[in-house]
Each structure stands twice: as C-alpha cells, then as structure tokens.
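# A look at the structure
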Amino acid sequence: MFKELLSKYSIDEHETITHDNIEDRMKRLQNELLMQYCKEKRLSIWFPFTFDQAIGYEDLSLTDKFSLLEAVVQITVESNVESARGERTETDYDTKNYFLLNLLEHLYATNPTLAKYLLLNMIDMISKLSVPCKDILSQMVFNNMWTPVEIMLFIQSVSDMDQNKIKAILHTAQTYRLDCLTALSALDKADPAKHLEEHGRDEPKDADTILDEMRELNYPENILLVLEDVLKYMERELPKYASVDLSEQDIEDGKQKIKSLDFDNPNMDTLKEVLIGMSIAVQECTTITGPNGKKIEGYFPRLTQLASLLMLLLTRHGTETDKGSLLEIGTGEGKSCILAMFATIQAICGVKVDIVTSSPVLAIRDQEEWEKLYTKFGVTSSVVPPKGPVENYEQLVEGAYSKQIVFGTVGTFAADILKQEFERRSTRGSRDFELVIVDEVDYMTLDNGVQVTFLSHEASGMRHVEQVLANIWAMTSACRPIELLETGEIQWTTKIQHFHKVAFSAVSHSVPKFSAYDILLPGLQMNFFSKDDIEQLKLAEEQSHKEGQSQEIQDIQWKAIETFMGKIGIAEQYDLLHILELATGIQIECYSLTNNKARLHDTGKTDDNKVKILLLENGRACQILSEREVIDATVSQIKSKLIYLDVAGEKEKKLKEKEMGMIIPSFLKTYLETTLPVFVENALKAIGMTPGREYMIDKGPAAETDNVSGDDHQYHAIIPVDFKASGVLEKNKRWGDGLQQFLEMKHQLAILQMSNVTNYMSNFHYFKRYINGKGIFGVSGTLGGQADQEFLARHYKTRSYAIPAHRHSKLIELPVIQVSAGNNLWIQRICETACTVAERGQVVLVICEDVKTANELQTKMENQTRDPNKITMYTVSGRHNVEKRKFDGGNIIIATNLGGRGTDIKVDDDVNKCGGLFVLLTHFPSNRRVEKQVFGRTARKGNPGMVQMMLCRDHLAPAYQGQSIEVMRHLRERYEVSRIADMEKDELLEIEMKEQLFSTFCQYLGDFDRNYTEQEKKDPTKATFRRNPNKFDYQPALNALKECWALWLTVHEEHINRHDDTETLKHDLLLQLQTTGDMLLLGKSDNFYDHVKQAISRTDLHCRNKSKSDYGALSCWETIVMCHEMYSAVALYNQASITINLESKDYKSKAKQLLQRAHNLVDVYLSESTNTMVSCNLSVMSDFEPHHKEGTNFQRQMEARLNTFKSWKGYIESAINKLEELDKCNDDAITEESSVYTLSEQTDYITKNELEALYDYGLGIVLRKSQNFALMHSSVSYLV
C-alpha cells in the first residue's frame, strides 16, 4: 500500500532509506511533507511535533498511521487547503487549524475512529467544552451524523451557552439522530432540548422515501416500476378500508383473483385488489379483545411489509434465472406477517409450503400466531413434530405433512426425509419439495450450511471401544496447551513430574543402561546436594511405592522427596540438563514460564529430534511436545496394549494376555487402527474446550422425556453450545469420534455409548431440493456482504435485497474500546460502563461470547453492591426469558449470543427518552451478520438505541489488536470471503462426496431388498428359515449393511478429506456392500453382533411358542460361540434357556454345562468395565471440575455396570445349583417371562440405562432362583 501511495503521487525515496522498516519510512515522509507545508504557509517549524501530540501518533497502529499519512499526502501534495478555507470564510481559524480541519474531513470519510481522536484534541485546543459534550461530538463524528465543519460551526454557535444546556441539546440530537441544521435552529427556543425531542418523533416513511432508498440500493428498474405503482396506490387507498370487514364472498373472490394472477407478469389492477384484501384480512386477524372486553383494532401491513411481499411474489418478474428471493429485513419490521401473507397466497395457488424456523418454539409460535389468517382463506397448516400420543406418532406426522403449510426446524424436516427415504417409512406421504420459506436464512445457509442431520444409530459393539477411549484419556488428560513465546506456536506440555523423571523419560529411549538418578549425580560436584541427599531420595521413592503404609509414613516420605526437590531450582535444572546433553549427544531445549508462555533459554539447537523441556520451580518439569508428537506417542502406546480376538482357538492365549492389555473383537481392528489418531486428537481438543463456552453441563434430553423437574444431577449431560452465532444449547446434538465421551470423562459424567453415522442430510442439500420446485425464499436481519450474497445466488439461485426500514434509524454506535491490561481489567471496565449507563436511566444489554464470561460478569456486578434484582441473566433458552418483560431504567441484562438473534427486548418510554436500550457487545463477532444481529436488538421500530463494543485485546486475533474498528471490519470481511471460498472448495465438496456415497448405499439397499419377499420383511416366520435356514432375517440383514457402511465411511474418511476420485470410492463401497450382502444371504458375517441381532430375532420367535420350535435360534447362538467364544457368555446363556424350553434328551445336563461355561466368560465384561473405570479414575485432574461434587454419574455408572454383571454371575450360579437339585429329584425345569431389571434392585436413571444396554449384548433373559425354579425371560418387545 505504501508503494502504491508513492507511485500514485510520483514521490521518490532516496535509495539509502528504502531498506529501512516501513514505519520509519512512512514517518520520515510525513515529517518532510509537513515541514514543506509549514514553509509554504509560514507556520512554526514546531507544528509537526505539536501535530504528533494532537493526533496521539505514538499510540496509533501501523494501519492508522498509514491512513493518516494518506490524508496528509492528499492535503499537502494536492494543495486543497484553500478550498477548505473558502468554505469557512465566516470563521477566524488560523492556517494551522484549517489544516487540521481539512485533515479531519479526509479521515471522517475513511477512518472515523481516527477522526474521533483528532476531533477531541482539536476541541481541546479551540474550546472549553465539558468532557460529556466533547464525548458526544466525537461519537457524532464516529457515526457520520455531523461533519467536522458542522461540529465547528455548532461549537462557535454555543460558545457562550451553559455547559449543561449544551449537553442536553447534544444528547437529544444524538438520541434522535437529528442533523446539525435542526440542532442550530433550536438554539433560540426557550427549551431547545424539549423542542428537539418533539422534532425527533418522526412519522413512518412515505412511499416516495421508500422508493428512493430502493433506487439507492440498485433495485431492478422493472421491479421498481411495479413497486412505485402499487405502493403509491396502497398508500392512497388502503386507509379508506379501515372499517371494512371481509365477507365470505369477498374471501372467495379474493382467492379466485389470487389464482388468476401470473406473478411473472401480473395484472396490476388484480394485484392491487389482492393486496387490499390481504391487508384487510391481516387487520381482522390481529384485532384482539382487551382484558376489559374492549376491542383493540388490528393493523394494516406497513408499506415496507407490502414492498417485501411484492419482492417475494415478483421473484421471476423480468428474469429467467432467479428461483427465489432473500430479503434483509431489520429487526422489529414484522417479518412473520410478511411470511404469513406470502405463504397464504402460495397455498391458495396450490403450492405446498414448508416454513423453516430457527427453533421448535418459534415454529409453534408463528403457526399459532397466523393460523387465524390461514383459516380465513381455507388454508390448512401444521407444525412438525406434531403433538400427541407417542403410539399414534406415525399417523400424526403423516397428517401434519398433508397440510398446505408446514412449520418446523431444518433438523426436523431433514430427519423426516431420512425416515422416509432411508428407513422406508411413510413419514411425509406424497409431499414434494415445492417451496420453502426460511426464517434467519443466513444462519441456516451460511453459518450452518454444512451442518448435518442424521438419525440416531447406536453402533453394535462400540462399548468395547470405551476402554480404549478411557486409556487414551488417562494418557493425555494431564497434557495442557502452551504458547511458545518466541514463535506464538501452540504446543503441549506433558504431565508435570519431578525433574529427574522427566529428563529420564525424554532420553531413556536413546541411552541404554541408564537411570533417573544418574541425571542427578553431576549435582554432587556442583554442590547442589550431597550423596546422602540422593540416597534419602532413593529410599523415600522406593518406600512410597510400597502398599499398606500408614498415611503418616507416606507424609514423611513425601516431605523427604519435596525437601530434596526444593534444592533443584530452574538454574540447577538447566545446568544438569546441559551436562546430560553433553553426555548423551541429545540436544535439549530448555524453557521456563513467562506470563504463562514458554520462553526459550538458549537458541541454536538445529536437530529435528531435539527434546524440549519446561523447567519449573521446586524441582519439577515437563516435556513440551507438538500435537503430532503427542498423537503419535499415544497411538503407539495404545496399539501395544490392544489384543484382537481373531479365532476361537486363541482364547487361552488371549485370556493370559488380557491382564496386560485390552481385548477387542477382531471386526473392530480396521476401524480402531484408522480412528486412533482421530481419538487422540479429540482428547486434546476436549482438554482445550471450556465449560460455559463450547459446551455446558445441563440436563439432557432424557430429562424432558422423563418429565424430570429440578436439577437431578443423574440427568446431567454435555450439551454443545452454538456460542459463535446463536448462543443456543443444542440438546439434540452429540459430538462424534470420541469427543463427546472425552468431555464426559473430563467431568466424570456417565459415558454415553458411541454411535456411527449411517445416514445424513446437510442443510445445504436439503435446501437445494427446492430449486427444482418453486424455489427458496427467506428473510433475515442480515444477509452479509457481497461474498455472502454471491454464495447464496450461486448455490441456491436466489437474489438478495435489503428492505428499507419503515422509520428512520436512530441507532448510535459508540467508538470501540480495546482494553489492553488483561482479562480482569476488561471485566471491570464492562461492569463500570454498564453501571454508568444504567444509572443515567437506560437499560443495558451486555452480550458475552460465552456463558462463562456472563457468569463472571454477574458475580462481579453483584459483588460491587449492584442490586441483584436489577440484573437479569439470559444465557439458557427456556430457563431465562426476557421477552415477556418490559424493562425500566437501571436494569442490566447479561446474555450470550442467545440474546443477539431474534430476541425482542422491550423497554418503557422513559428509557427511550434517555437514549434507549444500550447494547454492550464484549467480543468481536466472527462476521458482520452476527454483529448486525446483536446491534439489531436496539433502535427497533424507529426508537432510539445505542451500541458499543468493549473488547479485551488479549482475546483478539493478533491482526485485530490495536486496530481501529474500520480496519478490523475490513480484515474480517476479507477473512469471510476466504472462509466462503474454502467452504466451497473443501467442506461443501466433502459433503457432496458423502451425499453421493450415501446415495450409492441407499441404491444398494433398494437392490438388496429384492432378496426378501414382502412377507419375509414383515414376518420372518412366513418362510425365511424354512426355505433358506442360513439366510439372515430382513431387519438384522439391513442393520448389518448399515454397520458395514458406517465402518467403511469411517475408514475412508481420509480419502474423502483428500477429495479422492468419487467414482473410485463408489466402486470400492459397492464391492464391500456386495461382499457383505452375499455373506448375509449365506448366514455369514465377520461382525458377531450381526449374529447376535439375528439370534435375538429368532429367540423372540421361539419365545412366542417355547415348546414348538427354536426357529433356528439355537444354531444362531451356536455360531457366535464357535466364532467368538471369548464373547459367548450371552450366547451360551441363551442356549441354556432354549435347551430347557425344548426339553430335549438330557436337557438339564446340557443346560448346566452351558451355564457353567457362560459363568466363566462373564469375566470378560467385568474386565472391560474395570479397564474403563481404572483408567478414568487415574485421569481425574484437579483443574477439571466434576459435574457434581458429592458422587459423580461416572462412579454410579461403573458401580451399576459392575454390580449388574456380578449379579448376573450370581443368578447363573443359582441356576446351576437349582438344575443340579432338579436333576437329582428328576423334576422338570420351566422358564417364565421376567424383566432384565430384576438384575438390580436400583431403579435410578443411570442403572436403568445400564440394564437396557445389556440388550446390545443379546441378554434378553435372566435366570434366577425362585420358590419353584424358573428361568426368567424378558421378552424382546419389552425392551424395544
């Protein structure tokens, strides 16, 4: 930019200075230009120095310095000062002030923040205005309300006026955004401020004003012609219908007129009549009866609302390319009314309309609010999911989709499509994708365009992976991210240990026959400690590892160790490591902590394999590793512990090895070896995530299902938070690839079973389905910049328009404040600002980036004697509701972005007189759209409002730190352009590939269906096992194919990320599916859980008539035993039950043998559970707060799981003993139905989940001792 400036003005630099840094070159040029200007204008040679002081040059960022230089060059080189002087002949300023004023006008257009600073300094030099008056004037410059010339004229006009009176005038002019001429005209009034207040209550814009604004926004001329004709007609004629009611005949005539309209080329007279009728209908439907029985007349749609409706209706007017329209409509402008009118007209025309809202609550609210309008025109409407009994859900949802207008969230719509197309249910009936209306369309398509909806699918056998995740967490949970001071790079510290152990661990792999104590020996010659000290250390460490010692002895040993380690400070550690480096030849970089960053002690180490160690006080240290080094080291250790059960013949060997490792079913081998690096990466990610920011610990969805009131900690769950955009708690979202489970381990919550993705639909592809119909229509308070709108046009074939507000905006934006002295001072400044604003009679809405900051602010304010009753929290939707209240002055609302999108905060009239709702934004949003949504909470419907950002500099990206808001927004816009380009090149491409692969899978499922008759699909008893006894039943076969697809997708995730050839991947997928499908038709599968599901299905058939036949169940369970004996406890157990039921020869003896084998193999499940429990207990860290202090859900879960398996073993023992009794007495044994819940006397939520999870293992029966021995059976249908 500097070179471009030099080139533009033909400025040559001496070649001797071209190698200087850019900042020095800029300053030198500026000084030379100012000195030259001083000579020409005969100014003091000290002017450049006083100029620097006036502008605060030393505190400016490099970008602001360039803006200043650019303005100085324009003024001095172009010599346009005289033109500025000509405009101000009536004033008496000298040349110096003319220069500054001219400079101010240049900056006013390009950098208002810098102009504000210059203005304040100029005012200090030329007037004696009070600080509040100067602040308001600088804010006016920042908001481009008054020009610098107008401000100087105002200052001159009020030079003899009382300061309080000036302040009142300026405050009123600012509040109502009045121009300078209006303010000057009020100076001769008795009460200027009151006169201005009355002047500030403006009327809604007329049609001409709206049309002028649309022309400035470059609306198409053909659309403007229609708008001009219709809006002026409506402005003139609509008031005449204020007392007119629509008759039934009027409504029928109106519907016929709507149907007759061709919106591509409408008849103008008919269009006007339709809008008149629709406006009368809106007035009738918004008329209500007050509490006293008095009728409160409804409202006609505003001209701006009618203009919006026309923009939606006339989408294809004069164009063949656009399939829809997206409208940017300000908050408080009545979007729901616009959409209701548009949906009604489309439905009357026979179009099925889907309306997508951002939450289920809004879907219900909007449908109920406008149902009266729909009904008036005979249009049916509904909400999905529908309310009603669960048992009738399928009929209810089909009925809902049969309506003309359907409201719902994108997640609900996408899930219902998957139910119909993937699960072959009739959810949507025959409803096609005709027309969609999207509220908050930018959030749905730009912020969450790549968000995926999928139907839950609990993966078979994934509980075996739980112990692997627990081991990973045990190895990584002590790691912490740390920034390297010199480079800014983020690396990871390992567990903090005593120095000699860390050093030994770092070099031991390269140095044989070496001990940790050898590292300390050189310290003897350096007099760090004595030989006796080392001997005492050895003894204390050896003794500390012995079991059974009293706490007193352990304390003595620990004190001895700590006394020794206290002698090894950072300097001593450095010296010892230097000697170690010389002795081993291994390069060691030493770091110490400076402001929580790792500072390098020495440089020049070039070996790529050098060891990095962070030295700490009191003889402690830890290694510093890159993320890749942590991942590789952890994966290597985990792989060494994994024992894959391949064949039954290896059982004994595996049983001996299991004490040293983790036994895993062989079908998971490829999956685990592929995903281990991803698991470790997500473990590190979980460490870096913060509760109250990326996630919250709150009641999960199960609490709502079970109608739990209060804070029952058993229902606590990790709830993701969309903190960057909406602040909403996403209760139906779960993170994948172990991240959810690592967060649960972090806070000692009950661990949810992992799931695989077998189906999905992205928001992107959901909306694109409507392009082949009538198109996509949407509204939002913000549609973003040019890059955002071009993206929407490119992918959704839409055109975007900004709709003028119905009143002139009275929004005042105050200059941004960057607090540079750390987090605590930033919090303090926010509190002080909020309290100051509240005390002057305004309501303050503080928007925080996350819940953690919001809670911190609340605590700080309440500790500073702020009345808690005046502080309202809005961080959790549903729990906090601010929209039902009207706030009076002095109230402070602390919210997250939840309060920044779609929230209508009402304040009383006195608050508006004081300046309106004051929005204090405490973070810099990731895009302009989120920022505008937040600022849109105030100055609604033409009322006054104020906004300001107060940012912590340490929290900002380095590129933003110290920059003006103009520069920050410019940089952010460039990033947004880059983000959208990257999203198209990467994320959307990957989604497209996955959609194609998913489509391939669905097509194969359709082909596979042909292997089963309709009777076989509905009832396996009809012919399956008779004609082909080995063939898998239909539902278990489908499930097996879904599992195959899910594992294939996981294994090939890297191929998709690399954007490998899609056709090659499709071919590979089909080959895998065909191989699996052919095996299933032969009754074979590598995943023994496929056999479990088949066996469960057949066992259920058997239990319907126990003595008649086993329906092939015995052979299914036998297959599991033969292939995977290690995990055959359940199979043997079920075989025993069926054997008793069939009463074959010697059945009691056979059943007893089966139960004895099952009894021995239950230990495999106990071993897995113990592995998980021990690993998680070892990884409990003091800085990871448990979700509940008095007993955690994880402890309860592990206790329930272990007790369940132990109880099961006890039942088996009782059954064996009873069978022996019956055998001696020659009595028969019978089975009776019972619930698996009899395995535990506990009925709490966590225990219930553990018992239900037994079904995944195939445990559908429990055998227990009773008065008359019975094998207690739990029917499969009971658990489903």
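What you see is a predicted model, and the numbers here were worked out from it, not measured in a lab.

What follows deals with the overall build of the protein chain. In terms of regular secondary structure, the protein chain is built from 52 helices and 34 strands. A compact globule built from 1280 residues would reach a C-alpha radius of gyration of about 33 Å, and the protein chain, at 37 Å, matches this within 12%. Expressed along its principal axes, the backbone C-alpha trace of the protein chain runs to roughly 120 × 105 × 60 Å. A burial count over the protein chain gives 55% of its 1280 residues as buried. Across the protein chain, the fraction of contacts at a sequence separation of at least 24, relative to all contacts at a separation of at least 6, is 73%. Entry remark: accessible area of the protein chain is about 56,700 Å², with carbon and sulfur atoms responsible for 48%. When the 145 positive and 187 negative side-chain charges of the protein chain are each reduced to one mean point, those points stand 3 Å apart.

Spatial strand order, β5-β6-β4-β7-β21-β3-β22: 7 strands in an open sheet with parallel pairing. Looking at strand neighbours, the two that pair on one side only are β5 (381-383) and β22 (798-802), the edges of this open sheet. Geometrically, the sheet is characterised by an average inter-axis angle of 15° between neighbouring strands, direction not taken into account. Where strand β7 (residues 435-439) and strand β21 (residues 775-780) come together, 5 bridges link them in parallel fashion. Its bridge partner lying in β21, V438 is registered against G778. Against the sheet, helix α18 (residues 335-348) makes contact with β4 (353-357), β6 (405-409), β7 and β21, and its axis sits at roughly 175° relative to β7, the strand it touches most.

A contiguous nonpolar surface patch, about 200 Å² in accessible area, is contributed by V452, F454 and V757. Here V452 lies in strand β8 (residues 452-453). Note on V452: relative accessible area 35%, which makes it partly exposed.

Residues of the protein chain with pLDDT of at least 70 account for 93%, and the chain-wide mean is 85. For the protein chain, per-element mean pLDDT is lowest for helix α52 (residues 1276-1279), which scores 25, and highest for β5, which scores 97. For residues 651-658, every residue scores under 50 in pLDDT, and the model assigns this stretch 12 contacts once sequence neighbours within four places are set aside. In the model, residues 1265-1280 has pLDDT below 50 throughout and makes 50 contacts with residues more than four positions away in sequence or in other chains.

Running from amino to carboxyl end, helix α35 (residues 786-796) crosses helix α40 (residues 965-1008) at an angle of 25°, the nearest separation of the two axes being 9 Å. By the angle class used here, α35 and α40 are roughly parallel. Listed contacts from α40 to Q786, A787, D788, F791, R794 and H795 of α35 are E973, E976, V977, I980, M983, E984 and L988. Of the residues belonging to the contact of α35 with α40, the class tally is 6 nonpolar, 2 polar and 5 charged.

Most peptide bonds are trans, and most residues other than glycine sit at a negative phi. A cis amide bond links V384 to the next residue, P385, at an omega of 0°. The residue P385 is located in the loop between β5 and α20 (393-401) in this model. Its identity as a non-glycine residue notwithstanding, Y1111 has a phi of 55°, on the positive side. Relative accessible area serves as the criterion here: at 12%, Y1111 is assigned to the buried category. Backbone geometry at E1143 places phi at a positive 50°, although glycine is not the residue there. In this structure, E1143 sits in the loop between α48 (1129-1142) and α49 (1147-1178). The exposure class of E1143 is partly exposed, given its relative accessible area of 44%.

The next point concerns the side chain of Q623. With respect to the helices and strands, Q623 occurs in strand β15 (residues 620-625). Look at Q623 and you get buried, because its relative accessible area is 14%. With near-sequence residues (within four places) excluded, Q623 lies in contact with W492, T493, T494, V502, S505, A506, V611, K612 and I613.

With that out of the way, let us pick up the state of the cysteines. All told, the structure shown has 0 disulfides when counted by the stated rule. As a non-bridged cysteine, C1002 has C1044 as the owner of its nearest cysteine sulfur, 14 Å distant. C1116 takes part in no disulfide bond, and the closest cysteine sulfur, belonging to C1123, lies 12 Å away.

Quick look at the nonpolar core now. Residues V465, V468, F679 and W1208 are the most contacted members of the largest nonpolar core, which totals 95 residues. Look past the residues within four positions of V468 in its chain and what remains in contact with it is I638, L642, M662, I664, L672 and L676.

For the structure shown, the criterion picks out 35 aromatic pairs. A centroid spacing of 5.3 Å and a plane angle of 65° characterise the contact between Y1012 and Y1034, whose relative ring orientation is edge-to-face. On the criterion of sequence distance, the pair formed by Y1012 in the loop between α40 and α41 (1014-1018) and Y1034 in helix α43 (residues 1034-1051) is long-range, its members being 22 residues apart. Exposure class is identical for Y1012 and Y1034. Each is buried. Consider the rings of W1045 and W1048, whose centres lie 6.3 Å apart with planes at 15°: the pair is stacked. Here W1045 pairs with W1048, and both are found in helix α43, just 3 residues apart, close to one helical turn. Through a chain of ring-to-ring contacts, three or more aromatic side chains come together here, namely Y401, F413, F433, F764, Y766, F767, Y770 and Y796. Its guanidinium or amino end placed over the ring of Y57, K27 lies 4.9 Å from that ring's centre, counting from NZ or CZ. Of note, K272 hangs over the ring of Y233, and the distance from its end group to the ring centre comes to 5.0 Å.

Turning next to the pairing of β4. In terms of burial, β4 is largely enclosed, as 5 of its 5 residues are buried. Where β4 meets β6, 5 bridges bridge the pair, whose relative direction is parallel. Its bridge partner being in β6, V353 is matched across the sheet by I405. In the sheet, β4 pairs with β7 via 4 bridges, with the strands oriented parallel. Residue I355 lies in a different strand from β7, and its bridge partner there is I437.

Where burial is concerned, the two faces of strand β26 (residues 871-874) agree: the one with I871 and M873 and the one with T872 and Y874 are both buried. Bridge analysis of β26 against strand β28 (residues 892-895) gives 4 bridges, and the strand direction is parallel. Along β28, the bridge assignment pairs I871 with I892.

Conventions we followed
Residues numbered from 1 in each chain as written. Predicted model: local features only at pLDDT ≥ 70, side-chain atom pairs only at ≥ 80, totals over all residues. Heavy atoms only, no water. Helix = DSSP H or I, 4+ residues; strand = E, 2+ residues; numbered from the N terminus. Rg over C-alpha atoms; globule rule 2.2 N^0.38 Å. Buried < 20%, exposed > 50% of the residue type's maximum accessible area, 1.4 Å probe, protein only. Contact = heavy atoms within 4.5 Å. Areas by Shrake-Rupley, 256 points an atom, 1.4 Å probe, with all protein chains shown as cover. Lys, Arg positive; Asp, Glu negative; His and termini not counted. Charge placed at Lys NZ, Arg CZ, Asp CG, Glu CD. Pairing = 2+ DSSP bridges. Axes fitted to C-alpha atoms, helices over the stretch in contact; angles between N-to-C directions. Patch = residues over 30% accessible without salt bridge, like charges linked within 9 Å, V, L, I, M, F, W, Y side chains within 5 Å. Salt bridge = Lys/Arg side-chain N within 4 Å of Asp/Glu carboxyl O. pLDDT = per-residue confidence, 0-100. Parallel < 35°, antiparallel > 145°, perpendicular 65-115°, else oblique. Nonpolar A, V, L, I, M, F, W, Y, C, P; charged D, E, K, R; others polar. Disulfide = S-S within 2.5 Å. Core = buried A, V, L, I, M, F, W, Y, C linked by side-chain atoms within 4.5 Å. Phe/Tyr/Trp six-rings, centres within 6.5 Å; stacked < 30°, edge-to-face > 60°. Lys NZ or Arg CZ within 6 Å of the ring centre and 35° of its normal.

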